[in-house]
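Coordinate inspection notes
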Amino acid sequence: MTAGTRAALVGLLLLAALAPRVGPALRAYQPSNDAAEHLLIARSLARGEGFTLPIRVRDVDGGPAVHDAYAERAPLYPWLLSVPVRLGVGASGWPDPRLQLLGVGLAALCAPLAASVAAELARRRGLGARGQVVVAAGAGLVVAWAPSLVRASIHLWAEPLGLLLVLGAARLDLALDRGGRARTAAAGLVGGLARFARPEAWVVAPLLLARAVVRARRGQTRWREVVALAGALTAVNAAGVAATGVVAPQLFLLEVRRFEDAMGAGAAPAAPGPVDVLVAVAANVAGQVEHLLLPKNAWLVLPLALLALLPGRPGAATAGDQRTAAALADERWLLGWAAAFVLATAGVWATSDPHRFTIAPLALLAPVALVEAEAWRRRLWPGRRAVLSALAASLVLVLGHAAGRELRGRGPKPPPEVVALEDVPALPDPWSYALLTGRPAVLARPPVR
């Protein structure tokens, strides 16, 4: 793929990702509890009050409303969100919709990054320049229009930042077999930072390190680079833990049956039993797999990606063909990354949100799926570009329509009416109260799921 083609593809993917999002993002603030807490922390940071929340909604008994929030929220996104707040955008009152452009921009960057991962996989599989463009464009469009990411990107949520770091780590992982201190340091930095954007991204560090060990044992890289990667990952994680004072946020979720049990005044959660845990984890895994299998959510990404596990698939390695074997191992490794993210989120039995938790798995599976789709098309229908056109059209129609459906009906919504009170009140909606008045509050009862 030439530099000009690469630049044109990046530009088109950015345009495809931005086009459906900018209007809805600017039209109105999209309210949610997560968005409110991210912004409230960002406002505290902008005022020089540290990483604090002026509301207490989790196990409020025994603590003040204004409290340190590192145990509840991963720090990177609120830190980043505090930058426009410091500049005066949405610094007080009902949130300024322009703040949502941050998530829009981060999500847009994920599309060409996924395309880069796909193009590299296609190159390693021996697909020519045309095949690399086809695969990269397809994977980029999947990520650009994935309905789950569209929804997350127009809210003040951390998923777009987390996904950008995860995809960045995956792309750097593909380059580590070429060695180099700069690549190793970059992989350690990006992979280490990922979990400080999204808690489940803790899986990235051990995945990077395990892959490096496998490469070293096969003679594909040097052991000193494994040591350097381990040192970089350790340094980033140690610095993050030292800065936040917690090993990971939201560990209280491992102490309750449902997240609502730890929320609201007078919360007295009961510890879950082994059966509770197993049933909830199994339901979470099933929910995420079901979500990924529905074409309206993920086109054909999961079924196509699973073709990479077939022993007789196009391009399967022959005896002594180390290059092809390594290329196929790269695809299986990305399947492992996706599975690790499914298990990481499903393992937190107290929560369940397939629409959000499958964002990273879908983006990691997309490059593999598009490589397999093109490889199988070339085997079954060589020279039949009509088949390729049909696949592309179905991707555009299915995901484009679904992404548009996510955005419809998200017009302006008036902020709720609140009255500032002298004492710290216990309210059913402390989030809106704190945003509008700037005063502390506590949650009176768990929110309705």
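Quick summary incoming for the structure in this document.

Per the secondary structure count, the chain includes 18 helices and five strands. The C-alpha atoms of the chain give a radius of gyration of 23 Å, which matches the 22 Å a tight globule of 449 residues would have. Referenced to the eigenvectors of the C-alpha coordinate spread, the extents of the chain come out at roughly 75 × 45 × 45 Å. Residues counted as buried form 52% of the 449 residues belonging to the chain. Sequence-distant contacts, at least 24 apart, represent 73% of the contacts inside the chain between residues at least 6 apart. Carbon and sulfur atoms form 64% of the exposed surface of the chain, whose accessible area is close to 19,000 Å². Distance between charge centroids for the chain: 12 Å, based on 46 positive and 30 negative side chains.

With that out of the way, let us pick up the pattern of salt bridges. A full pass over the atoms with the stated rule returns 27 salt bridges. With its nearest N and O atoms 2.8 Å apart, the salt bridge here joins Asp96 to Arg98. In this structure, the salt-bridge partner of Arg222 is Glu225, at a minimum N-O distance of 2.9 Å. Assessed through its relative accessible area of 46%, Arg222 is described here as partly exposed. Here the salt bridges share partners, and the residues they tie into one network are Glu120, Arg123, Arg124, Arg171, Asp173, Asp177, Arg178, Arg211, Arg215 and Asp330.

This paragraph deals with helix α5 (residues 129-145). With 17 residues, α5 should reach 24 Å at 1.5 Å per residue; the first-to-last C-alpha distance of 24 Å fits that figure. By the criterion of burial, α5 is predominantly enclosed, with twelve of the 17 residues buried.

Along the chain, the position of Ala305 falls in helix α13 (residues 301-306). Here the alpha-carbon distance between Ala305 and Tyr433, two residues 128 residues apart in the chain, equals 46 Å.

Before going further, it helps to examine helix α3 (residues 76-86). Buried within α3 are the following residues: Leu76, Tyr77, Pro78, Leu81, Ser82 and Val85. Check the buried side of α3 and you find it contacts α2 (33-46), α4 (101-124), α7 (159-175) and α8 (181-193). With its phi angle positive at about 100 degrees, Gly88 sits one or two positions after the end of α3.

The subject of this paragraph is the sheet that holds strand β4 (residues 426-427). Reading across from one edge, β2-β5-β4 is the order of the three strands in this open sheet, with parallel pairing throughout. The open sheet is flanked by β2 (55-56) and β4, the only strands paired with a single partner. For β4 and strand β5 (residues 441-443), the ladder comprises two bridges, and the chain directions are parallel. Bridge assignment links Leu427 to a residue of β5, and that residue is Leu443.

Quick look at the nonpolar core now. Grouped together as the largest cluster of nonpolar side chains are 120 residues, with contacts concentrated most on Leu163, Val204, Trp337 and Leu364. When residues of this core are assigned to their parent elements, the largest contribution, 13 residues, is made by α4. Val204 has contacts with Val166, Ala169, Gly191, Ala194, Trp337 and Phe341, leaving out every residue within four places of it along the chain. Of all hydrophobic cores here, the second largest spans eight residues; its members include Phe252, Leu253, Ala262 and Val277.

Here we come to the side chain of Ser432. With respect to the element layout, Ser432 can be found in helix α18 (residues 430-437). Among the polar contacts made by the side chain of Ser432, one reaches the side chain of Asp429 at a distance of 2.7 Å. Filtering out sequence-adjacent residues up to four positions away, Ser432 remains in contact with Trp94 and Pro416.

Moving on, we come to empty space enclosed by the protein. Left-over empty space is what a probe sized like a water molecule reveals as it rolls over the atoms. Scanning the model with the defined rule gives five cavities of 30 Å³ or more in all. Here the largest cavity is characterised by a volume of approximately 100 Å³. Lining of the largest cavity is provided by 14 residues; of these, Leu163, Arg198, Glu200, Phe341 and Ala360 occupy positions nearest its centre. Elements that contribute at least two residues to the lining of the largest cavity include exactly α7, α14 (322-346), α15 (354-357) and α16 (359-380). The class makeup of the residues in the lining of the largest cavity is eight nonpolar, two polar and four charged. A volume near 70 Å³ is recorded for the second largest cavity. Lining the second largest cavity we find Leu176, Thr184, Ala212, Arg215, Thr221, Glu225, Val226 and Leu229.

It is worth spelling out the packing of aromatic side chains at this point. Applying the stated criterion to the full structure yields four aromatic pairs. On the numbers, 4.1 Å between centres and 5 degrees between planes, the contact of Phe51 with Tyr70 is stacked. With Phe51 in the loop between α2 and β1 (52-53) and Tyr70 in the loop between β3 (67-68) and α3, this residue pair connects regions lying 19 residues apart in the sequence. Here the two residues Phe51 and Tyr70 agree in accessibility, since each one is buried. With 6.5 Å between their ring centres and 85 degrees between their planes, Phe51 and Trp79 make a pair best called edge-to-face. One end of the pair, Phe51, is in the loop between α2 and β1; the other, Trp79, is in helix α3, with 28 residues separating them in the sequence. Three or more aromatic residues joined by ring pairs form one cluster here, namely Phe51, Tyr70 and Trp79.

In this structure, Gln250 takes a positive phi of about 60 degrees despite not being glycine. Within the element layout of this structure, Gln250 appears in the loop between α10 (223-244) and α11 (274-293). Relative accessible area serves as the criterion here: at 23%, Gln250 is assigned to the partly exposed category. Positive phi values are uncommon outside glycine, yet Trp299 reaches one of about 50 degrees. Relative to the assigned elements, Trp299 resides in the loop between α12 (295-298) and α13.

Definitions and cut-offs
- Residues numbered from 1 in each chain as written.
- Predicted model: local features only at pLDDT ≥ 70, side-chain atom pairs only at ≥ 80, totals over all residues.
- Heavy atoms only, no water.
- Helix = DSSP H or I, 4+ residues; strand = E, 2+ residues; numbered from the N terminus.
- Rg over C-alpha atoms; globule rule 2.2 N^0.38 Å.
- Buried < 20%, exposed > 50% of the residue type's maximum accessible area, 1.4 Å probe, protein only.
- Contact = heavy atoms within 4.5 Å.
- Areas by Shrake-Rupley, 256 points an atom, 1.4 Å probe, with all protein chains shown as cover.
- Lys, Arg positive; Asp, Glu negative; His and termini not counted.
- Charge placed at Lys NZ, Arg CZ, Asp CG, Glu CD.
- Salt bridge = Lys/Arg side-chain N within 4 Å of Asp/Glu carboxyl O.
- Expected span 1.5 Å × (residues − 1).
- Pairing = 2+ DSSP bridges.
- Core = buried A, V, L, I, M, F, W, Y, C linked by side-chain atoms within 4.5 Å.
- Polar contact = N/O pair within 3.5 Å; in protein donor to acceptor, adjacent residues only side chain to side chain.
- 1 Å grid on protein atoms, 1.4 Å probe; cavity = no way out; pocket = protein on both sides within 12 Å on 5 of 7 lines; lining within 4 Å.
- Points joined across faces, edges and corners; volume = space filled by probe spheres on them.
- Nonpolar A, V, L, I, M, F, W, Y, C, P; charged D, E, K, R; others polar.
- Phe/Tyr/Trp six-rings, centres within 6.5 Å; stacked < 30°, edge-to-face > 60°.

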